[in-house]
Structure formats: C-alpha cells, structure tokens
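What follows is each chain in one-letter form.
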Amino acid sequence: MTHLAIRLTTLAMFSVAVAATPFMTSAYAAGGDTPSAPPASDTKGTKDKKKKTETRNPNSENAAFLADYRAAYATVYDKQDYTAAIAQLKALSQDDRADVANLIGYSYRKLGDYKVSQIWYERALKADPAHVRTWQYYGLWQVEQGNRDQAQYHLNKIASLSGKDSAEYKSLAAALEKAPGSGPTY
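Residues numbered from 1 in each chain as written. Predicted model: local features only at pLDDT ≥ 70, side-chain atom pairs only at ≥ 80, totals over all residues. Heavy atoms only, no water.

**Examining the overall build of the chain**
Move 1: When helices and strands are tallied, the chain shows nine helices and zero strands.
Move 2: Order of helices (α) and strands (β) in the chain, N terminus to C terminus: α-α-α-α-α-α-α-α-α.
Move 3: Burial analysis of the chain (186 residues in total) assigns 34% to the buried set.
Move 4: Partitioning the contacts of the chain with sequence separation of at least 6, the portion at a separation of at least 24 is 58%.
Move 5: When the accessible surface of the chain is split by element, carbon and sulfur atoms take 55% of a total near 11,600 Å². (Helix = DSSP H or I, 4+ residues; strand = E, 2+ residues; numbered from the N terminus. Buried < 20%, exposed > 50% of the residue type's maximum accessible area, 1.4 Å probe, protein only. Contact = heavy atoms within 4.5 Å. Areas by Shrake-Rupley, 256 points an atom, 1.4 Å probe, with all protein chains shown as cover.)

**Quick notes on helix α5 (residues 98-110)**
Move 1: Taking 1.5 Å as the rise per residue, α5 with 13 residues should run 18 Å; its terminal C-alpha atoms sit 18 Å apart, in good agreement.
Move 2: Of all the 13 residues making up α5, twelve are buried; the element is thus mostly covered by neighbouring parts of the structure.
Move 3: Where α5 is concerned, the buried positions are A98, D99, V100, A101, N102, L103, I104, G105, Y106, S107, Y108 and R109.
Move 4: The inward-facing, buried residues of α5 contact α3 (58-77), α4 (82-91), α6 (114-127) and α7 (132-144).
Move 5: Immediately downstream of α5, the backbone of G112 shows phi near 90 degrees, a positive value. (Expected span 1.5 Å × (residues − 1).)

**Observations regarding the packing of aromatic side chains**
Move 1: Summed over all chains, the structure comprises ten aromatic pairs.
Move 2: Arranged with centres 4.7 Å apart and planes meeting at 55 degrees, the rings of Y73 and Y77 form a pair that is tilted. Separated by four residues within a single helix, Y73 and Y77 lie in helix α3, roughly one turn from each other.
Move 3: These aromatic residues form a ring-pair network of at least three members: F65, Y69, Y73, Y77, Y82, Y106 and Y137.
Move 4: In this structure, R109 is placed above the aromatic ring of Y137, and the distance from its NZ or CZ to the ring centre is 5.8 Å. (Phe/Tyr/Trp six-rings, centres within 6.5 Å; stacked < 30°, edge-to-face > 60°. Lys NZ or Arg CZ within 6 Å of the ring centre and 35° of its normal.)

**Looking at the environment of Y138**
Move 1: Assignment of secondary structure puts Y138 in helix α7.
Move 2: As for Y138 and Q118, which are separated by 20 residues in sequence, their C-alpha atoms are 7.4 Å apart.
Move 3: The residues contacting Y138, other than those within four sequence positions of it, are Q118, Y121, E122, L125 and H154.

**Focus: α4**
Since there are 3.6 residues in each turn of an α-helix, residues three or four apart along the chain are aligned in direction.
Move 1: Every buried residue of α4 is listed here: Y82, A85, I86 and L89. Looking straight down α4, one finds that the buried residues subtend no more than 100 degrees of arc, so they occupy a single side. Exposed residues lying more than 90 degrees from the buried face of α4 are T83 and A91.
Move 2: Those residues of α4 that are buried lie in contact with α3 and α5. (Arc of directions from axis to C-beta.)

**A few points about the pattern of salt bridges**
Move 1: What the rule picks out here adds up to three salt bridges.
Move 2: Salt-bridge contacts for R123 lead to D96; the nearest nitrogen and oxygen are separated by 3.0 Å. Here D96 lies in the loop between α4 and α5 and R123 lies in helix α6, a separation of 27 residues in the sequence.
Move 3: By relative accessible area, R123 is classed as partly exposed at 32%.
Move 4: When its relative accessible area of 41% is taken as the criterion, D96 is described as partly exposed. (Salt bridge = Lys/Arg side-chain N within 4 Å of Asp/Glu carboxyl O.)

**What about the confidence of the model for the chain?**
Move 1: Across the chain, the average pLDDT comes to 82, with 71% of residues at or above 70.
Move 2: The model gives residues 21-30 a pLDDT under 50, and that stretch makes 18 contacts with residues more than four places away or in other chains.
Move 3: Segment residues 41-54 is flagged for pLDDT under 50; beyond a separation of four residues in sequence, or across chains, it makes zero contacts in the model. (pLDDT = per-residue confidence, 0-100.)

Okay, structure coming up:
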C-alpha cells in the first residue's frame, strides 16, 4: 500500500469513529467508564464566546474527553494510583460532571482525605442527583465514618433509583451489614 492509501484509510476510519461517537456514548446513571453528558451550559455569553464554540468540533472534543476520562478511570481502578488519577481528572476541566467529581471524591477517600472527598461527592450529587454510583460511594464514605443512619439513607436512595438488585445497592448493603454496630452476627 502506498503512503497515500494508508493515510486515506486511517482518515476514513477516524472519521467513522468520530461520527459514531454520539451513538456510542450513552449515559449511565450509575457512573462508569463512559461518563454522563456535561451539565447544561449557561446560554448567556459574549459574541466572542459564541463564535469560538461554533468553530469547535464537538465530536472530536467529546472523543478526546472520553479518551482522557477512560485513562483516568483506568488509573483509579486498574493502577489504584489515586494521586495521579486526581490530577488526570482535574486536567479534564469537567469537574461539574457527576462521573468526574465522583471519581475525584473516590480517589480522595481512598487516600484517606475524607473532608475533601465529601466535598467532591456532594459536588457530583449537585450535578446529577440521580447518580447512583455517587450515592453508593458516598454511602460507603458514611459507613467508614460510622454514620450508619446516613449510610442507610444512601442505601434507600439507591433502591429508589436503581432497585435492590443493582450492584451499587448490594455493595452498600453488604458494607452496612459488616459495619460495627450492625447488631449481632450469628
């Protein structure tokens, strides 16, 4: 194959991938390696801002964001390098996305910084009050802090959002059951 044919084939494959991106990026309320859509943006702004946004390609920006988010996600769950993950997630400049804020909160929790973790969990829930993974992780935070009543509240919220058969519900329920003060174990 000539260099031109290789370049054209690569360009065609990239174009198809970029065009298909909106169809492949469905939102999951539970959170995961495919984050939900960003919060609604402020429609007020200057003409200069509007002009800049019109010239950008949202598909390529979304594809770049997803690639960077997935890399940070892997840093959290595969490498368990929470400090690096926090830096990667903050570099996305999408702190108001529930998935991003939740992973930042999770990373701080795993590093033992509960105060900062709480701030990020609350930020995630402000962005998306139905973000099941944040309710789960914040519930686990509550268990670790000894706040059984609050953890139970989070568990009930998960049940109302995704049901008692969801992985998030089962995870938090199991943590509550194992937590000190959960009653006698037979």
